[in-house]
Amino acid sequence: MDRRTLLAGGGTLLVATALAREAGARSTRVPTTPEDERFMQLAIEQSKKADHPFGAIIVRDGSVLALGRNSTTRDQDPTAHAEMMAIRAFLSGHEPDDFKTTTIYCSSEPCAMCMGAIIWCGFKRLVYAASIEQVSRHTEQINVTARQIANAAPFADIGISSGLLGQEALKVFDKDKP
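**Some words on the packing of aromatic side chains**
Inference 1: Applying the stated criterion across every chain yields a total of five aromatic pairs.
Inference 2: By way of ring pairs, the aromatic residues F90, F99 and F123 are connected into one cluster.

**Thoughts on the sheet that holds strand 5 (residues 125-130)**
Inference 1: Across the sheet, which stays open at both edges, the six strands sit in the order 1-6-5-4-2-3 with mixed pairing between neighbours. One side of each edge strand has no neighbouring strand; the edge strands of this open sheet are strand 1 (27-29) and strand 3 (63-69). The average undirected angle you get between the axes of adjacent strands in this sheet is 20°.
Inference 2: Bridge analysis of strand 4 (residues 103-108) against strand 5 gives five bridges, and the strand direction is parallel. Residue T103 lies in a different strand from strand 5, and its bridge partner there is R125.
Inference 3: Along the sheet face, helix 3 (residues 82-91) touches strand 2 (55-60), strand 3 and strand 4 and points at about 135° away from the line of strand 3.
Inference 4: Here helix 7 (residues 166-175) sits on the sheet in contact with strand 4 and strand 5, set at roughly 60° to strand 5.

**Overview of the packing of helix 3 against helix 4 (residues 112-121)**
Inference 1: One can describe the packing of helix 3 onto helix 4 by two numbers: an axis separation of 8 Å at closest approach and a directional angle of 30°. With respect to their mutual orientation, helix 3 and helix 4 come out roughly parallel. Here E83, M84 and I87 of helix 3 come into contact with helix 4, specifically with M113, C114, A117, I118 and C121.
Inference 2: Of the residues belonging to the contact of helix 3 with helix 4, the class tally is seven nonpolar, no polar and one charged.

Here is what the cut-offs are and how they apply
- Residues numbered from 1 in each chain as written.
- Predicted model: local features only at pLDDT ≥ 70, side-chain atom pairs only at ≥ 80, totals over all residues.
- Heavy atoms only, no water.
- Phe/Tyr/Trp six-rings, centres within 6.5 Å; stacked < 30°, edge-to-face > 60°.
- Pairing = 2+ DSSP bridges.
- Helix = DSSP H or I, 4+ residues; strand = E, 2+ residues; numbered from the N terminus.
- Axes fitted to C-alpha atoms, helices over the stretch in contact; angles between N-to-C directions.
- Contact = heavy atoms within 4.5 Å.
- Parallel < 35°, antiparallel > 145°, perpendicular 65-115°, else oblique.
- Nonpolar A, V, L, I, M, F, W, Y, C, P; charged D, E, K, R; others polar.

As structure tokens, this is what we get:
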């Protein structure tokens, strides 16, 4: 937009466009709860046992319903990310509608593939430790945030809590180095 257009009222259009984008946002920042740290510790423990240091767990009403850890090398499956493994484990004993009442805890912010799956499953809440930006300093990542993906899905609402035990989750990457 050039200066003349901006001065002639084009700035209003620019502000209206920005507000419309924000109004369509489907993710909400939610504070962590007292029990979140315990569950994040379990997700980080899963990451320590993984092919690559990523772990996830699915929880409802204080009970762990599924565990997942990255097994891309072992399974020779590039989709075997921690979140996908937890989702598959959950579905072996629950109905897809049951996701709507669960929280997924991830040792790092979900990648684009995993966040897409989290949205399609309809999770109520996501809690993650290390951010995509932090993790990308240790391994290759598609630099799209969970919030960006959630906000691009006008059909889904999800609460997101971020950064819980992030530094602890990142320490697992250091142990992964030779």
